[in-house]
Amino acid sequence: MIQAAQAVSHRPDDGAEGSYAQEYLTFTLGEEEYAIDILKVQEIRGYDAVTSIAHAPPFIKGVINLRGTIVPIVDLRIKFGVGVVEYTPFTVTIILNVGGRVVGMVVDSVSDVLALESSKILPAPEFSSSLDTRYIHGLGSIDERMLIVVDIEKLMLSADMALVDDQVH
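How each quantity is defined
- Residues numbered from 1 in each chain as written.
- Predicted model: local features only at pLDDT ≥ 70, side-chain atom pairs only at ≥ 80, totals over all residues.
- Heavy atoms only, no water.
- Helix = DSSP H or I, 4+ residues; strand = E, 2+ residues; numbered from the N terminus.
- Buried < 20%, exposed > 50% of the residue type's maximum accessible area, 1.4 Å probe, protein only.
- Contact = heavy atoms within 4.5 Å.
- Areas by Shrake-Rupley, 256 points an atom, 1.4 Å probe, with all protein chains shown as cover.
- Pairing = 2+ DSSP bridges.
- 1 Å grid on protein atoms, 1.4 Å probe; cavity = no way out; pocket = protein on both sides within 12 Å on 5 of 7 lines; lining within 4 Å.
- Points joined across faces, edges and corners; volume = space filled by probe spheres on them.
- Nonpolar A, V, L, I, M, F, W, Y, C, P; charged D, E, K, R; others polar.
- Phe/Tyr/Trp six-rings, centres within 6.5 Å; stacked < 30°, edge-to-face > 60°.
- Lys NZ or Arg CZ within 6 Å of the ring centre and 35° of its normal.
- Polar contact = N/O pair within 3.5 Å; in protein donor to acceptor, adjacent residues only side chain to side chain.

Visitor: Would you explain the overall build of the chain in this entry?
Guide: The helix and strand inventory of the chain stands at 2 helices and 12 strands. Secondary structure of the chain in N-to-C order comes out as β-β-β-β-β-β-α-β-β-β-β-β-β-α. The burial tally for the chain puts 40% of its 169 residues in the buried class. Once local pairs closer than 6 in sequence are excluded, the contacts in the chain between residues at least 24 apart make up 56%. Surface accessibility of the chain: about 9,600 Å² in total, with carbon and sulfur atoms responsible for 51%.

If you want it as structure tokens, here you go:
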């Protein structure tokens with residue numbers, strides 16, 4: 001179950017300036033639906049067992065060997081504290097290419113690829129300091145769906161993810 005990701009930005013034909021549709025891969029974590037920039041996605045794989053790494057944070061499940069590249073695997077359900085972590089046939093690993101680094105993230109399921117106009121993404125609301133929203137790009141709405149748009153590169157390259165020595169932005 002390997003899929004290659006392809007993406008395009010759709011510029012409007014009606015002459016509207018400043019609003020263009022970008023494609024996002026949508027996925028679920030618990031009851032919530034998230035979206036990430038499809039251009040950061042390298043491939044989607046079924047969840048496989050990983051090799052554990054001693055003293056790694058709980059959300060880092062371990063590493064896999066992906067065609068000769070050692071890829072750290074992050075379980076976003078643990079990182080975000082979302083629901084019960086169960087590995088089912090729908091559980092997938094999204095392989096990302098962020099900041100020149102290949103990283104995998106485990107999610108409950110992948111939904112689809114959607115084109116979302118920038119005008120449909122609203123800024124994330126301000127919460128108390130106990131809720132970390134620095135990795136949320138905004139909230140997108142399409143039809144009846146509300147998507148949490150995550151800045152996946154900013155999240156994966158952040159110091160608290162412990163995946164890179166120096167932050168790359």
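Having seen the structure, we can now continue with the description.
Visitor: What am I meant to see in the sheet that holds strand 9 (residues 109-117) here?
Guide: Sheet strands line up and pair through hydrogen bonds in the backbone, either parallel or antiparallel. With mixed pairing, the 6 strands of this open sheet are ordered in space as 9-2-3-12-11-10. With one partner strand each, in any of the chains shown, strand 9 and strand 10 (121-122) form the two edges of the open sheet. Where strand 3 (residues 32-37) and strand 12 (residues 145-150) come together, 2 bridges link them in parallel fashion. Across the sheet, the residue bridging to Ala35 is Val149, located in strand 12.

Visitor: Looking at this model, I keep getting lost on the layout of surface pockets. Mind explaining?
Guide: A water-sized probe rolled over the atoms picks out the places where empty space is left. Reported here for the second largest pocket is a volume of approximately 220 Å³. The wall of the second largest pocket is formed by 14 residues, among which Gln22, Tyr24, Asp37, His137 and Val149 lie closest to the centre. Among the elements of the structure, strand 2 (21-29), strand 12 and helix 2 (152-156) are those that each provide at least two residues to the lining of the second largest pocket. Taken together, the residues that form the lining of the second largest pocket break down as 7 nonpolar, 3 polar and 4 charged.

Visitor: How do you make sense of empty space enclosed by the protein when you look at a structure like this?
Guide: Applying the stated criterion across every chain, the model contains 1 cavity of 30 Å³ or more. Partitioned by chemical class, the residues of the lining of the largest cavity number 4 nonpolar, 2 polar and 2 charged.

Visitor: Before we go on, may I ask you to explain unusual backbone geometry in this structure?
Guide: With the exception of glycine, most residues fall at negative phi, and the peptide bonds are largely trans. Non-glycine residue His55 carries a positive phi angle of around 65 degrees. A positive phi is found at Asp143, a non-glycine position, where the angle reads about 55 degrees. Note on placement: Asp143 falls in the loop between strand 11 (136-142) and strand 12.

Visitor: Just checking my understanding: could you explain the packing of aromatic side chains for this structure?
Guide: Aromatic rings considered in pairs are described by the distance between their centres and by the relative angle of their planes. Applying the stated criterion across every chain yields a total of 3 aromatic pairs. Taking 5.8 Å as the distance between ring centres and 35 degrees as the angle between the ring planes, the aromatic pair formed by Tyr34 and Phe80 counts as tilted. Of this pair, Tyr34 sits in strand 3 while Phe80 sits in helix 1 (residues 76-80), placing them 46 residues apart in sequence. Under the relative-accessibility criterion, Phe80 is labelled partly exposed at 29%. Relative to Tyr87, the ring of Tyr47 lies with its centre 4.5 Å away and its plane at 25 degrees, an arrangement referred to as stacked. Of this pair, Tyr47 sits in the loop between strand 4 (41-46) and strand 5 (60-66) while Tyr87 sits in the loop between helix 1 and strand 7 (92-98); the two residues are 40 residues apart in sequence, bridging distant segments of the chain. A relative accessible area of 36% means that Tyr87 is categorised as partly exposed. The aromatic ring of Tyr87 is capped on one face by Arg77, whose charged end is 4.8 Å from the ring centroid. Taking the ring centre of Phe59 as reference, the NZ or CZ of Lys79 above it sits at 4.8 Å.

Visitor: Before we go on, may I ask you to explain the side chain of Thr28 in this structure?
Guide: Mapping Thr28 onto the fold places it in strand 2. Given a relative accessible area of 18%, Thr28 falls into the buried group. A polar contact is formed between the side chain of Thr28 and the side chain of Ser109, at a distance of 2.7 Å. Discounting residues that sit within four places of it in the chain, Thr28 has contacts with Val107, Asp108, Ser109 and Ser111.

Everything listed here is a matter of geometry and, on its own, says nothing about what the molecule does.
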